[in-house]
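# Coordinates in review
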There are 4 protein chains.
Amino acid sequence: MIKVGIVGGTGYTGVELLRLLVLHPQVELTAVTSRAEAGTAVADLYPNLRGYLDLKFSEPTLDTLKQCDVVFFATPNGTAMLQAPELLAAGVRVIDLAADFRIKDLAVWEHWYDMKHACPDLVNEAVYGLPEVNRAEIAKARLVANPGCYPTAVQLGLLPLLEAGLIDPTRLIADAKSGVSGAGRKAAVGTLMGEAGESFKAYNVGGHRHLPEICQGLNLASDTPVNLTFVPHLLPMIRGIHATLYAPLSSDTDVESLQAVFQKRYADEAFVDVLPFGSHPETRSVRGGNMCQIALHKPQQGNMLVVLSVIDNLVKGAAGQAVQNMNIMFGLPENIGLQIVGLLP
Amino acid sequence: MIKVGIVGGTGYTGVELLRLLVLHPQVELTAVTSRAEAGTAVADLYPNLRGYLDLKFSEPTLDTLKQCDVVFFATPNGTAMLQAPELLAAGVRVIDLAADFRIKDLAVWEHWYDMKHACPDLVNEAVYGLPEVNRAEIAKARLVANPGCYPTAVQLGLLPLLEAGLIDPTRLIADAKSGVSGAGRKAAVGTLMGEAGESFKAYNVGGHRHLPEICQGLNLASDTPVNLTFVPHLLPMIRGIHATLYAPLSSDTDVESLQAVFQKRYADEAFVDVLPFGSHPETRSVRGGNMCQIALHKPQQGNMLVVLSVIDNLVKGAAGQAVQNMNIMFGLPENIGLQIVGLLP
Amino acid sequence: MIKVGIVGGTGYTGVELLRLLVLHPQVELTAVTSRAEAGTAVADLYPNLRGYLDLKFSEPTLDTLKQCDVVFFATPNGTAMLQAPELLAAGVRVIDLAADFRIKDLAVWEHWYDMKHACPDLVNEAVYGLPEVNRAEIAKARLVANPGCYPTAVQLGLLPLLEAGLIDPTRLIADAKSGVSGAGRKAAVGTLMGEAGESFKAYNVGGHRHLPEICQGLNLASDTPVNLTFVPHLLPMIRGIHATLYAPLSSDTDVESLQAVFQKRYADEAFVDVLPFGSHPETRSVRGGNMCQIALHKPQQGNMLVVLSVIDNLVKGAAGQAVQNMNIMFGLPENIGLQIVGLLP
Amino acid sequence: MIKVGIVGGTGYTGVELLRLLVLHPQVELTAVTSRAEAGTAVADLYPNLRGYLDLKFSEPTLDTLKQCDVVFFATPNGTAMLQAPELLAAGVRVIDLAADFRIKDLAVWEHWYDMKHACPDLVNEAVYGLPEVNRAEIAKARLVANPGCYPTAVQLGLLPLLEAGLIDPTRLIADAKSGVSGAGRKAAVGTLMGEAGESFKAYNVGGHRHLPEICQGLNLASDTPVNLTFVPHLLPMIRGIHATLYAPLSSDTDVESLQAVFQKRYADEAFVDVLPFGSHPETRSVRGGNMCQIALHKPQQGNMLVVLSVIDNLVKGAAGQAVQNMNIMFGLPENIGLQIVGLLP
């Protein structure tokens, strides 16, 4: 049994980790920390866990966490970098669901996250936890930077095309839409139901923190530097990301070849599902599950390829991918604890 | 492995059965029938099942269904009664998720469902599938009438009080609210998102088919005939039932005793969870799971007891309870295939 | 033109007042105050007002407000009572949309609102602004206490029955459901879309501040003291209240007589609409408008009368009723500025 | 008073026309037809109209309609073209909210709408009812083709750029999102709340009927033929369209100049509101109103201009624009009956 600790268990990625881990046959939950809720039974805050979890929130002390084999940080940006060094030194593996270790270029990170990094050398060591790209490195990693939600959906949709050199990397567009749970469980006016319900808007069009993360990943697969216009939007629903990706084909490639590229690229992936050409994936089909569903379109037989990519932002976009990474790090079957059929309707 | 057939697999209770059964370790799905979709891959209609189910919808012929150990009817009212006799004769057990076998009084049934019953003798034999009441009979049953969604939530909330003789059965009120999935997946104006979204209303206040079913169950637990006012409402959401039950105490009973009655009554039940006195259960805590969560209130310390009871109408109110019944009928652990944490948020 | 000031214009009742008043032909908006947003253009915070309002939020100073003919307080409880005395002394009329002046019994008010009242003598003078009860007093009032949202829906549904002595006032139940906008526009976890969306729950079943307000109003119409069980619930939608009221008939009264009592009681009311017996009013029918729609039911021809009453909590339950009161206070046609068809769908 | 008839008053554009017209000071509603509901009071089907409209639905006979000054067709595609010729011959003006007269190229129309056109000569005469482009022609028109919802939002967002020659017309993208009311009020599985709620998807990516309509309009403003990739999506909400438009600048144009082009283009338009550069318009700001709000972005100071354009699909995208056209046709102030503040929240 893997002894697991969760730092910051009161947010949405925290409770989602708990939903997955209490049923994981190889996991023993050792500590769930929360400074604000220390002493409260976890199931009092999250009654969906009643009967599945008997733990109380504990103070986030290193002594407790050092008893774990792996610690997940489901904390705001800037927290994991303060505690990771000591945990790693104590032999504990770390999976950070926040952004502290995602971006290799420190200056870029410090610009977008507007803080000084606390352990620059670990940034280098950290493995970017997108299994479909870095599986071998993840298996050996002490420290995994779990990808952001938008970056997961966008990269899985564009990588096969860049790797195969089929598109013009300088004119890419990612029009992405996310449910409100992506903004977390903190009190804020903008995600009140009275504000975000029954309405739709773009946000951060001028620049979103996930843009450099996406570009870093795409650039690794592209000869030419990628130029991406990334526009995130807020959906009046709770879970789900839908990325609509526009990629100009660099030469005339037929539908069958395009589809074949994706099917081959993801043939052995448990959590990327390439739908038949021309399908319209729905976010609900992956609700609660760790799957990314992808479909291709070539409207009017023109040279603009449209890729549709959907995930549950809290699962494949956060907690589920983190568990997938844990499975890889501990040599378990990758899908253990993650065989979940999307909740439809 | 239990060979399972599902008749009418295209509706919401059908796809919900499939969500549960494709992961049930003791089940082998043998046939999923649909006259309209015969030949279509089930996962084409319900892409959440991709990778979990390879079957195609088949014609609802008895030959196919007779190869099963148990057949679930996830069909409109009036269908199961036409096929059940022959299946039972062939040694196949039957669980009807519709209303054909729920009401023992034929005249009452024929009045509310406005049709002639096709096999009155089976009505007598059928066991009403509320495990918390009829577990022993279910274990021996060939034919189980799976309870309605409202009746499940209301009965579980009121039965302990009636059994203990603590309330006046002649002045009960059940103010119940259901998500739109309770109306099924048929094209209808009333459950369009443009009609049912962002709005709230009562419906069938003059009389709802679940009223006689609820009263039948409550009367079995009450010396005095029950008089219940039942008002159903349509919630602008997809899943979940919340029953707010008003029961005048017949004598002054203190809070601790009331709570103890419920806790004792459901102590051994895997799927009824009595919350601390004064809690406010939320439908989302049981979303996707088979749990019924119940809480008691005694507002202003008066003599009106308020019981709050929540279920997922598609799970404990339909498909999950049907699987629970199957588990009992086949001597399996009652919670196998049903260990599901509510999807929150 | 009536010079109007609004104190606390950044909340939902504030912006709703603005929506109504910018189109009111007899109103000139003089000041909209907000300590936090002073200097910001109102239409920058609320872009729906662009082109209709050129004002900036100003500091809530008495000097500014004294130039008005009437000041609306769309503030948290406890604010109006601090400023009302000086404004009244300066000849400004005051309409408080919060609870400061609603309850005549000071001890009751101080118990439920957990603060000391700042001007007890004004409580006495204040007129409870339910036009259907107090029209004549409102017309002469300097200070109007605008009713709460639940109290409006519940009182309008029960008053005709109590006035006519048709029901047993000691066994009343109000099962009420409100959209999330009733909780206001303040940052809070409980009304995040991730918490309140796609879920349903009761809250404050043990006791809600609107209970004493409702009882005060009902008692004025009843010989016998009223005993009411009031259970509020939170709907996964933005606007609308639906009250389901249960009232035992004190003697056998036929359907026609019951309906006649309501139709006669509200025959001259512009904003109470009695639907045909047996109707199911929907909150959306009154969305954005000042109407209360009411329907009666007598399920199973029993002695329990069910009254359904719907309003838009931000209009007839707050800002619209406040404008209605202003119209009455200034001798204008009662429906001026309030002729709004419900936004359906 | 203008005598107005509405053909097909039972759908969402029909009830929306009614919401606007019952309060229009220059309109007298003469006939609202519906074959299915003939004889029913309109306000029985749409209780939001109670007290505002006393009409019954009538049979759609030409005799009735010929008494009107103008007839709105709020019917499925293919209906108006059957009745328009005779009405026009009788001197009645016609505004078609469906697509019968929108596309000048008959072959294109017949391809996308998959039917034979009944009166090709009228197609030529019909004026495309986008007031911001065709105001003068509309004023003189007998027959107006009211634009589609997507085409309104997209054209208003792109036309100023094409007219000024600032963008490359061969690489345009319109990523558009619509609430479910755009699909109308007909019974259909796809727009059930259980299907369209809490989920998001693209649809008709391979080709949508609004594409040729959009291109026709854009081409009139462009020297070079427009090449547009148009991807519509279904939002889990009722009202609102948000178009996210991607337009490569043909040369480096600074932010101030871009903003100035839009502000100048729409300076005299009552219903197009250009927000400050970098704003994020929300669909709720225009809910229920006839406004189109537009904002510009230049992410990362690159050469890809992003235009955000929001409307209420049932108002500026349908019924409101139709009333605006009627006002122009009858020489009334363009905003009469349309001064409506968006319903926010």
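### Some remarks on the overall build of chain A
Helix and strand counts for chain A stand at 12 helices and 14 strands. Here chain A has a C-alpha radius of gyration of 20 Å; the compact-globule value for 345 residues is 20 Å, and the two agree. When its C-alpha atoms are laid out on the principal axes, chain A stretches across 60 × 45 × 40 Å. In chain A, buried positions account for 65% of the 345 residues. Of the contacts formed within chain A by residues at least 6 apart in sequence, a portion of 70% connects residues at least 24 apart. Looking at chain A as shown, the accessible area adds up to about 10800 Å², and 49% of this sits on carbon and sulfur atoms.

### Some details on the relation of the copies chain C and chain D
Once chain C is rotated about the relating axis by 180° and shifted along it by 0.0 Å, it coincides with chain D to within an RMSD of 0.0 Å. Interpreted geometrically, this transformation is the action of a two-fold axis. Relative to the rotation axis, the closest C-alpha in chain C is found at E198 of chain C, a distance of 4.0 Å. Most of the interface of chain C is mirrored in chain D: 100% of its interface residues are interface residues there too.

### Some thoughts on helix α5 (residues 106–113) of chain B
In an α-helix, one turn spans 3.6 residues, which is why side chains three or four residues apart end up on the same side. A side-chain oxygen of the first residue of α5 of chain B lies 3.1 Å from the backbone nitrogen of A107 of chain B; this N-cap is D105 of chain B. Immediately beyond the C-terminal end of α5 of chain B, within one or two residues, lies D114 of chain B, with a positive phi of roughly 55°.

### A few points about the packing of helix α7 (residues 131–140) of chain C against helix α12 (residues 315–329) of chain C
If you want to describe how two helices pack, look at the angle between their axes and the distance between the axes. Residues and elements named next belong to chain C. Where α7 contacts α12, the two axes come as close as 9 Å, and the packing angle between them is 40°. Judged by the angle between their axes, α7 and α12 are oblique. Taken as a pair, α7 and α12 cross one another with a handedness that is right-handed. From α7, P131, E132, R135, I138 and A139 reach across to α12, where they touch K316, Q321, Q324, N325, I328 and M329. When grouped by side-chain class, the residues that make up the contact of α7 with α12 number five nonpolar, three polar and three charged.

### A short note on unusual backbone geometry
At the junction of L344 of chain A and P345 of chain A, the peptide bond is cis and its omega measures out at 0° in the coordinates. One non-glycine residue, D114 of chain B, adopts positive backbone phi at about 55°. Position of D114 of chain B among the secondary structure elements: in the loop between α5 and α6 (120–125). The phi torsion at Q300 of chain B lies on the positive side, around 55°, for a residue other than glycine. Along the chain, Q300 of chain B falls in the loop between β13 (292–297) and β14 (304–311).

### Thoughts on helix α11 (residues 255–265) of chain C
Residue and element names in this part refer to chain C. All of the buried residues in α11 are V255, L258, Q259 and F262. Around the axis of α11, the buried residues are gathered within 95° of arc, so they sit on the same side. Opposite the buried face of α11, by more than 90 degrees, sit the exposed residues E256 and K264.

### Quick look at the sheet that holds strand β7 (residues 143–145) of chain B
Across a sheet, paired strands are connected by hydrogen bonds in the backbone, their directions being either parallel or antiparallel. All names here are of chain B. Here seven strands make up an open sheet; going across it, the order is β3-β2-β1-β4-β5-β7-β6 and the pairing parallel. In this open sheet, the two strands that pair with only one neighbour each are β3 (57–58) and β6 (127–128). Contacting β1 (2–7), β4 (70–73), β5 (93–96) and β7, helix α4 (residues 80–89) runs over the sheet at an angle of about 165° to β5.

### Regarding the relation of the copies chain D and chain A
In screw terms, the move from chain D to chain A is a rotation of 180° and a rise of 0.0 Å along the axis, fitting with an RMSD of 0.0 Å. When you check the interface residues of chain D against chain A, 100% turn up at the interface there too, and the contact is symmetric in its surfaces.

### A short note on the interface of chain C and chain D
At the junction of the two partners, chain C supplies 33 residues and chain D supplies 33 residues. Remark: the boundary between chain C and chain D carries two salt bridges. Its salt-bridge partner being D273 of chain C, residue R50 of chain D comes within 2.6 Å of it at the nearest N-O pair. Taken together, the connections running from chain C to chain D amount to 12 residue pairs in polar contact (both at pLDDT 80 or more). Contributing elements (two or more residues each) for the side of chain C that touches chain D: α1 (12–21) and β12 (272–274) of chain C. Looking at the side of chain C that touches chain D residue by residue, the classes come out as 19 nonpolar, seven polar and seven charged.

### Topic: the side chain of D312 of chain C
All names here are of chain C. Among the structural elements, D312 can be located in the loop between β14 (304–311) and α12. Accessibility expressed as a relative area gives 0% for D312, which makes it buried. A polar contact is formed between the side chain of D312 and the backbone nitrogen of G288, at a distance of 2.7 Å. The residues contacting D312, other than those within four sequence positions of it, are R239, G240, V286, R287, G288, G289 and G317.

### Focus: the interface of chain D and chain A
On the side of chain A, 43 residues touch chain D, which itself brings 43 residues to the contact. Counting each side, the surface lost to burial between chain D and chain A is near 3600 Å², with a carbon and sulfur contribution of 56%. By the criterion of area lost to chain A, the three top residues of chain D are E198, F200 and V205 of chain D, representing 17% of everything that side buries. Across the chain D-chain A interface, the total number found is four salt bridges. With a closest N to O distance of 3.1 Å, D175 of chain D and K177 of chain A form a salt bridge. Elements that contribute at least two residues to the side of chain D that touches chain A include exactly β8 (172–178), α9 (193–196), β9 (201–202), β10 (228–234), β11 (241–248) and β14 (304–311) of chain D.

### Details of the sheet that holds strand β12 (residues 272–274) of chain D
Residue and element names in this part refer to chain D. As summarised here, the arrangement of the seven strands in space is β9-β10-β8-β11-β14-β13-β12, forming an open sheet in which the pairing is mixed. Edge positions in the open sheet fall to β9 and β12, since each of these has one partner strand only. Pairing geometry for β9 and β10, over two bridges, is antiparallel. For A202, the partnering residue across the bridge sits in β10 and is H233. Docked against the sheet, helix α11 (residues 255–265) engages β12, β13 (292–297) and β14, running at close to 165° with respect to β13.

### Digging into the domain arrangement of chain A
The accessible area lost on association of the parts is a frequent measure of interface size. All names here are of chain A. When its domains are assigned, chain A resolves into domain 1 (2–125) and domain 2 (150–313). Summarising the inter-unit geometry, the C-alpha centres of domain 1 and domain 2 are found 27 Å apart. Domain 1 puts 15 residues into the contact, and the matching count from domain 2 is 12 residues. Buried area between domain 1 and domain 2, summed over both chains or domains, comes out near 1200 Å², and the portion from carbon and sulfur atoms is 52%. Taken as a group, Y12, R102 and W112 account for 50% of the area that domain 1 buries against domain 2, more than any other trio of residues on that side. Our count for the contact surface shared by domain 1 and domain 2 stands at two salt bridges. The salt bridge partner of E16 is R239, with a shortest N-O separation of 2.7 Å. Within the residue set of the side of domain 1 that touches domain 2, elements represented by two or more residues are α1 (12–21) and α5 (106–113).

The rules we used
Residues numbered from 1 in each chain as written. Chains lettered and ligands numbered in written order. Predicted model: local features only at pLDDT ≥ 70, side-chain atom pairs only at ≥ 80, totals over all residues. Heavy atoms only, no water. Helix = DSSP H or I, 4+ residues; strand = E, 2+ residues; numbered from the N terminus. Rg over C-alpha atoms; globule rule 2.2 N^0.38 Å. Buried < 20%, exposed > 50% of the residue type's maximum accessible area, 1.4 Å probe, protein only. Contact = heavy atoms within 4.5 Å. Areas by Shrake-Rupley, 256 points an atom, 1.4 Å probe, with all protein chains shown as cover. Least-squares fit on C-alpha atoms with pLDDT ≥ 70 in both. Polar contact = N/O pair within 3.5 Å; in protein donor to acceptor, adjacent residues only side chain to side chain. Axes fitted to C-alpha atoms, helices over the stretch in contact; angles between N-to-C directions. Parallel < 35°, antiparallel > 145°, perpendicular 65-115°, else oblique. Left-handed = near helix turned anticlockwise from the far one by under 90°. Nonpolar A, V, L, I, M, F, W, Y, C, P; charged D, E, K, R; others polar. Arc of directions from axis to C-beta. Pairing = 2+ DSSP bridges. Salt bridge = Lys/Arg side-chain N within 4 Å of Asp/Glu carboxyl O. Buried area = accessible area lost by both parts, 1.4 Å probe. Domains from an automatic or database assignment.

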